[in-house]
Amino acid sequence: MTTQYAKHLIIGGGIIGCSTAYHLAKNGETDVVLVEKASLTEGATWHAAGLVGQLRSSRNTTRMLKRSVAMYDTLEAETGQAFDWKKVGSLRLAATKERLLEAQRLTTMARSFDLEMSMITAEEAKDIFPYIDATGLEGAAFIPSDGHVDPASLCQTIATAARNLGVDIRQGVKVEDFEVRDGEITRVLTDHGDYHADTVILAAGMWSRELGAKLGLHVPACAVEHQYIVTEPLPEPDVVKVLPTLRDPERLVYYKPDAGGRLVVGGYEDDTLPFGDRGIPGEFVRQLLPDNMDRFAPLAELAAQVTPVLNEVGVRQVINGPIPYSADGDFVMGWAPGFDNLMMATGFLYGIAAGGGAGEMIAEWIIEGRPSLDLWPLDVRRFGPHHGTRAFMYPRAVEHYAHHYKMRYPGQEHETVRGLRRSPLYEILKERGAVYGSKNGWERPLWFAPEGVEPVDQLDFLNPGWHAYAAEEHRAVREGVALIDQSSFAKFELIGPAALEVLQHLAACDMDKPVGSVLYAQMCNAKGGIEADLTITRLAENHFYIVTGAGFGTHDADWIRRHLPDDGGTHLIEVTSGFAVINLCGPRARNVLQAAAEQDVSNNAFPFATSRNITVGAAPVRAIRIGFVGELGWELHVPTEFGAHVYETLRAAGQPHGIRDVGYRAIDTLRLEKGYLYWSGDISPDYTPIEAGLGFRVHLKSGGNFIGREALSEQKANGPDRRISTFVTDTKLPLYGGETIIHDGQTVSLATSAGFGHSVGQTILYGYLDKALWARTDFEVEVFGTRHPVRRIDGPVYDPDNTRLKS
């Protein structure tokens, strides 16, 4: 059979696949082919509940969902095909004072995301949704631009729009296997012939994991059971017709008006069942699962508390169907690492709400190389090798599902599948009171509980208990000396004849520095946006040691590997597991290191931003004089088997100096004082180094012909239109990032990160300001619905001249 050609081959005919096809064609792409093993919508789309909500914890995810709504607003006029889109708004109830705080925080976030959302009273909520019992209700939040839709009709309408633009949709075509050569999918084998495609888009929903396995991938996408009921008609069907969607997170339930005066009522209970963890049974086409009313009954009882009318009407239908999920509850999008032409578009829990915008972003990703919005929270490269395994993904997905509406405080950690990656200091620090969090599978100390305090995280919206303990750790770093286990850093070695050439092409700074130099570097895209923020140590002429954050290793390595020469002579090798990392920091750090090391570590012998091989105790150590807390210090990169020995040696040497253990919560407050930025929050592909105040790391004269040079050169010459700013107040405010920054009553920015600086006694937040506001100093920040004055200042609030860092 002749091999067929498609420029873009989309696997999967649900809403994501159809939307991607539509947006590719809308952007002028031809030879777009979509293959679906059954008929369109017959996986999970057809039985989805159909709520369209826009607010998410990420600004750009929210923006993407706003694009869905914009598309749905015009789609009927474009196609002439109705799909029952009802833009009736959404209501979120606050049944307790804690839920009121949660709703107020979400409303503040929505404002900073440019999404209209307002707090209303219990009485106003009942006016909008008359069936609720408002007794004891603390209030509610309302988003007028949300709505609901018939999922199958929506998908068919998008498919019609795609066909009208020339997309070839082929139903009844099942993908059976792939052929791969040198990281490129060269052939897609189906039961109706083979395909060659420039790009393959995997939009197969709950089948993505099985298809990925044929490519040697652990796709971190799966499915779990989800139930909802459809009631018999309510007494006043005309009232039901105009109701908004409703969520009551305290009672774990949601509502959607349905045809004929009925209500759809669903929720997220504990202990749902994974689906397909041992393989999806048969073809599973347009099928449902057996009802499980025992599991749904507690939700039904809670729903009856919210809307007593449910006690008066019967249940017309129970829907129990598998819904897509992922290892962290969010989408799986972007270019798959290790492949040149595989685009991931799967794991869509709320695919109906996301469908329009997600298809647009995926199309941009394919055509332009990256989407117009930085979508790091959804990027497949946020996952590690363990996330797609059966042992991790399904238990974690079930936990995420159960916590869909449960109260989650800022900083709250997951409980399932913990302890996967442990540094050699894990047990030692646990005995010393470490309260552990998890990052990319690594157990990392958040803070240390003193003797007599239970080592359990103390969380709250307004006054978390851990603050007091992290403040003591913060002061230990500023005033004495501390040890921090940072073994979770992702670490790589770049080696080969073109290593320097590669880095000169990628990094915005000049990498041709003497052996032993340590450089803080940004790798940018063509528009100058920061794709990676890392430290690079030159070990030899063409041998470099690269260190990045625990959660960014897959992402950063993929960016570098995609720019390696094709001759195979230069290699990026991950060495994360080979080195434990102990950060020794504080004004007394040199006293401790000199007592423990055989070599001279004085400022003359070992200056800032250099690396030396030293001996600590009996262990070989790669000591790197750099850090993220703004004090004298060294990152000590130690062969893993020597990690415990080096820690014990340093602790013994540090006893006369009051050495302390410190966790990651203190790191965050320390770096805020110093003006250090965090990739994925303060800096990202949306922002350039110049906008982020890192223009001193852009070397136009001495650097190479690096990616983004033209954009950054122009920006340096003409100045940026926006830049990051620091805001402070002497009032201790419960800020966590995402809060709205206001000037003259108008939203002008959002807090990219925020916290309390214990050394300076001020709340500190960062946010980007347009040029017209750079001379202004008087601003406000909205915190749980209340506005507080903050003032803009220049530079970091602590040691702006780096005197302590370089001492």
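Counting from 1, residues in each chain are numbered in the order their sequence is written. Only residues with pLDDT of 70 or above have their local features reported here, since the model is predicted, and side-chain atom pairs are shown and tallied only from 80 upward, although totals for entire chains, interfaces and linings are computed over all residues. Neither water nor hydrogens contribute to the side-chain values; these are computed over all heavy atoms in the structure.

A. Broad picture of the layout of surface pockets. Using only the protein atoms, space was sampled on a 1 Å grid; points where a 1.4 Å probe fits but cannot get out form cavities, open sets with protein on both sides within 12 Å along at least five of seven lines form pockets, and lining residues are those with an atom within 4 Å of a point. Grid points are joined across faces, edges and corners, and a volume is the space filled by probe spheres set on the points. Taken as a whole, the second largest pocket encloses approximately 1,000 Å³ of empty space. In this structure, the second largest pocket is lined by 43 residues; those nearest its centre are Pro-337, Gly-338, Thr-554, Asp-558 and Arg-561. Looking at the lining of the second largest pocket, the elements with two or more residues in it are strand S23 (490–495), helix H14 (553–561) and strand S27 (571–574). Only runs of H or I of at least four residues qualify as helices and only runs of E of at least two qualify as strands under DSSP, and these elements are numbered from the N terminus.

B. Main features of empty space enclosed by the protein. Under the defined criterion, the tally for this structure stands at four cavities of 30 Å³ or more. A volume near 60 Å³ is recorded for the largest cavity. Every residue along the wall of the largest cavity is listed here: Met-206, Arg-209, Glu-210, Ala-221, Cys-222, Ala-223, Phe-275, Gly-276, Ile-280 and Tyr-394. Secondary-structure elements contributing two or more residues to the lining of the largest cavity are helix H6 (208–213) and strand S12 (221–231). Looking at the lining of the largest cavity, the element that brings in the most residues is S12, giving three residues. By the convention adopted, Pro, Cys, Tyr, Trp, Phe, Met, Ile, Leu, Val and Ala count as nonpolar, Lys, Arg, Asp and Glu as charged, and the other residues, Gly among them, as polar. In the lining of the largest cavity, the residues fall into seven nonpolar, one polar and two charged.

C. A look at the packing of helix H1 (residues 15–26) against helix H5 (residues 151–164). The interhelical angle for the contact between H1 and H5, taken along N-to-C directions, is 25°, at an axis separation of 8 Å. Comparing the axis directions of H1 and H5 gives the class roughly parallel. Pair H1 / H5 crosses with left-handed handedness. Touching Ile-15, Cys-18, Ser-19, Ala-21 and Tyr-22 of H1 are Leu-154, Cys-155, Ile-158, Ala-159, Ala-161 and Ala-162, all from H5. Here the residues of the contact of H1 with H5 are counted per class, giving ten nonpolar, one polar and no charged. Helix axes are fitted only over the stretch in contact, all axes being lines through C-alpha atoms; the angle between N-to-C directions runs from 0 to 180 degrees. Under this scheme an angle from 65 to 115 degrees is roughly perpendicular, one under 35 degrees roughly parallel, and one over 145 degrees roughly antiparallel; angles in between are oblique. The hand of a helix crossing depends on one turn: near helix anticlockwise from the far one by less than a right angle means left-handed, and clockwise means right-handed. Residues are treated as being in contact if the distance between any of their heavy atoms lies within 4.5 Å.

D. How the structure looks around the nonpolar core. If you look at the biggest cluster of nonpolar residues, it comprises 135 residues, and the most contacted ones within it are Met-64, Tyr-255 and Met-333. Here this core takes nine residues from helix H9 (residues 351–368), the largest share from any one element. In plain words, nonpolar cores are sets of buried Ala, Val, Leu, Ile, Met, Phe, Trp, Tyr and Cys residues tied together by side-chain atoms within 4.5 Å. With a 1.4 Å probe rolled over the protein chains alone, any residue whose accessible area is under 20% of its type maximum counts as buried; one over 50% counts as exposed, and the rest are partly exposed. If you look at the next biggest cluster of nonpolar residues, it comprises 31 residues, including Phe-448, Ala-597, Phe-606 and Leu-636.

E. Representation of the sheet that holds strand S30 (residues 619–624). Only when DSSP finds a minimum of two bridges between them are two strands counted as paired. Spatially, six strands are ordered S29-S30-S31-S28-S22-S32 in an open sheet, and the strand pairing comes out mixed. If you trace the sheet from one side to the other, it starts and ends with strand S29 (611–616) and strand S32 (660–661), each paired once. For S30 and strand S31 (residues 633–639), the ladder comprises three bridges, and the chain directions are antiparallel. Bridge assignment links Ala-623 to a residue of S31, and that residue is Leu-636. Helix H15 (residues 589–596) contacts strand S28 (579–585), S29 and S31 of the sheet and is inclined by roughly 35° relative to S31. Its contacts with the sheet put helix H16 (residues 643–654) on strand S22 (482–485), S28, S29, S30, S31 and S32, and the angle it makes with S28 is roughly 15°.

F. Here's a closer look at the packing of aromatic side chains. We call Phe, Tyr and Trp rings a pair once their centres come within 6.5 Å, taking the six-membered ring for Trp, and we label the pair stacked below 30 degrees between planes, edge-to-face above 60, and tilted otherwise. Enumeration according to the criterion identifies 23 aromatic pairs in this entry. With centroids separated by 3.8 Å and ring planes inclined at 0°, the aromatic side chains of Tyr-687 and Tyr-768 adopt a geometry described as stacked. Note that Tyr-687 is positioned in the loop between helix H17 (664–674) and helix H18 (709–718) and Tyr-768 in strand S37 (residues 762–770), a separation of 81 residues in sequence. Take Tyr-687 and Tyr-768: they sit in the same class, and that class is buried. Members of the aromatic cluster, joined through ring pairs, are Tyr-254, Tyr-268, Tyr-325, Tyr-401 and Tyr-405. A ring is scored as having a charge over it whenever the NZ atom of a lysine or the CZ atom of an arginine sits within 6 Å of its centre and within 35 degrees of its normal. One cation-aromatic arrangement involves Arg-612 over Phe-606; the distance from NZ or CZ to the ring centre is 5.6 Å. The ring of Phe-756 carries the charged tip of Lys-732 above its face, separated from the ring centre by 5.3 Å.

G. Spatial organisation of the sheet that holds strand S33 (residues 722–729). Ordered by their spatial adjacency, seven strands build an open sheet running S35-S34-S38-S39-S33-S37-S36, and the pairing between neighbours is antiparallel. The open sheet has two edge strands, strand S35 (746–750) and strand S36 (753–757), and neither has a second partner. Taking each pair of neighbouring strands and ignoring which way they run, the sheet shows an average axis angle of 40°. Note: strand S34 (residues 740–743) against S35, four bridges, orientation antiparallel. The partner of His-743 across the bridge, within S35, is Gln-746.

H. Examining unusual backbone geometry more closely. The phi dihedral of Thr-41 falls on the positive side, at around 75°, and the residue is not glycine. Locating Thr-41 in the fold gives a position in the loop between strand S2 (32–36) and strand S3 (51–52). We note that Asp-114 has phi near 65°; this positive angle belongs to a residue other than glycine. For Asp-114, a relative accessible area of 61% corresponds to the exposed category.

I. Region of interest: a negative patch on the surface. Like charges within 9 Å and nonpolar side chains (Val, Leu, Ile, Met, Phe, Trp, Tyr) within 5 Å are joined into patches, using only residues over 30% in relative accessible area that form no salt bridge. For the area figures, the Shrake-Rupley method with a 1.4 Å probe applies, and any residue is considered shielded solely by the protein chains shown. We count a salt bridge whenever a side-chain nitrogen from Lys or Arg sits within 4 Å of a carboxyl oxygen from Asp or Glu. The charge count treats Lys and Arg as positive and Asp and Glu as negative. His and the chain ends do not count. Here the site of a charge means NZ on Lys, CZ on Arg, CG on Asp, or CD on Glu. A contiguous patch of negative charge, built from Asp-31, Asp-182, Glu-184, Asp-198, Asp-340, Asp-566 and Asp-567, is present on the exposed surface. Relative to the assigned elements, Glu-184 resides in strand S10 (residues 184–190). When its relative accessible area of 31% is taken as the criterion, Glu-184 is described as partly exposed.

J. Looking closely at the side chain of Thr-41. Taking relative accessible area as the criterion, Thr-41 reaches 4% and is therefore assigned buried. Thr-41 has contacts with Gly-13, Trp-46, Ala-152, Cys-155, Gln-156 and Arg-286, leaving out every residue within four places of it along the chain.

K. Seen up close, H14. Burial analysis of H14 places seven of its nine residues in the buried class, the great majority of the element. For H14, the set of buried residues is Gly-553, His-555, Asp-556, Ala-557, Asp-558, Trp-559 and Ile-560. Packing partners of the buried residues in H14 comprise S23, helix H13 (499–506), strand S24 (518–524), strand S25 (530–540), strand S26 (543–548) and S27.

L. The arrangement of the pattern of salt bridges in detail. All chains considered together, the criterion is met by 43 salt bridges. Asp-238 serves as the salt-bridge partner of Lys-241, at 3.9 Å between the closest nitrogen and oxygen. Taken together, the residues Lys-241 and Asp-238, both in helix H7 (residues 237–241) and three residues apart, mark about one turn of the helix. Neither residue differs from the other here; Lys-241 and Asp-238 are each classed as exposed. Residues participating in the shared-partner salt-bridge network are Arg-92, Arg-99, Glu-102 and Glu-250.

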